[in-house]
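Topology and contacts: notes
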Amino acid sequence: EEDTIGPAMPGQETIGYLRATAAAEARAYNEMMSQMEAEEQAKIPKHEEWMTALPEHRDLSFTVEQMQQNRTFGRREKETVRDGSA
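As the structure is a prediction and not an experimental result, all values here were calculated from the model.

The number of helices and strands found in the protein is three helices and zero strands. The helix and strand sequence of the protein, counted from the amino end, reads α-α-α. Total accessible area on the protein stands at roughly 9600 Å², and carbon and sulfur atoms take up 54% of it.

What follows is the structure in structure tokens.
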């Protein structure tokens with residue numbers, strides 16, 4: 001409790017003034033932090049779920065024989081490209 005009775009002297013800081021100042025500074029700090037967090041959240045790129053989810057596991061082990069089993073080659077010769085400028 002304050003021992004002072006009456007108005008404060010010029011330049012004298014009372015307990016009520018100090019508490020009010022601290023509360024105002026805390027509110028300003030909290031507002032500034034929430035604004036900074038909102039700006040940081042806006043900078044984070046938005047990704048759809050399929051972009052961030054891992055694909056399902058597939059067995060991709062093939063042998064050389066399996067890879068060559070269905071390989072076919074063209075039996076005709078390719079036609080030569082004609083010059084169309086003439």
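Alright, that's what it looks like, and here's the rest.
Here we come to the pattern of salt bridges. Tallied over the entire structure, the rule returns one salt bridge. The partner of Glu40 in a salt bridge is Lys43, with the nearest N and O atoms 3.9 Å apart. With a gap of three residues between them, Glu40 and Lys43 both fall in helix α1 (residues 15–43), about one helical turn apart. Assessed through its relative accessible area of 46%, Glu40 is described here as partly exposed.

Let's shift gears to a nonpolar patch on the surface. A cluster of nonpolar side chains, namely Tyr29, Met32 and Met36, defines an oily patch on the protein surface of about 310 Å² accessible area. Summarising the element assignment, Met32 is placed in helix α1. Since its relative accessible area comes to 42%, Met32 is described here as partly exposed.

Analysis parameters
- Residues numbered from 1 in each chain as written.
- Predicted model: local features only at pLDDT ≥ 70, side-chain atom pairs only at ≥ 80, totals over all residues.
- Heavy atoms only, no water.
- Helix = DSSP H or I, 4+ residues; strand = E, 2+ residues; numbered from the N terminus.
- Areas by Shrake-Rupley, 256 points an atom, 1.4 Å probe, with all protein chains shown as cover.
- Salt bridge = Lys/Arg side-chain N within 4 Å of Asp/Glu carboxyl O.
- Buried < 20%, exposed > 50% of the residue type's maximum accessible area, 1.4 Å probe, protein only.
- Patch = residues over 30% accessible without salt bridge, like charges linked within 9 Å, V, L, I, M, F, W, Y side chains within 5 Å.

In short, the description is geometric, and any link to function would need to be established separately.
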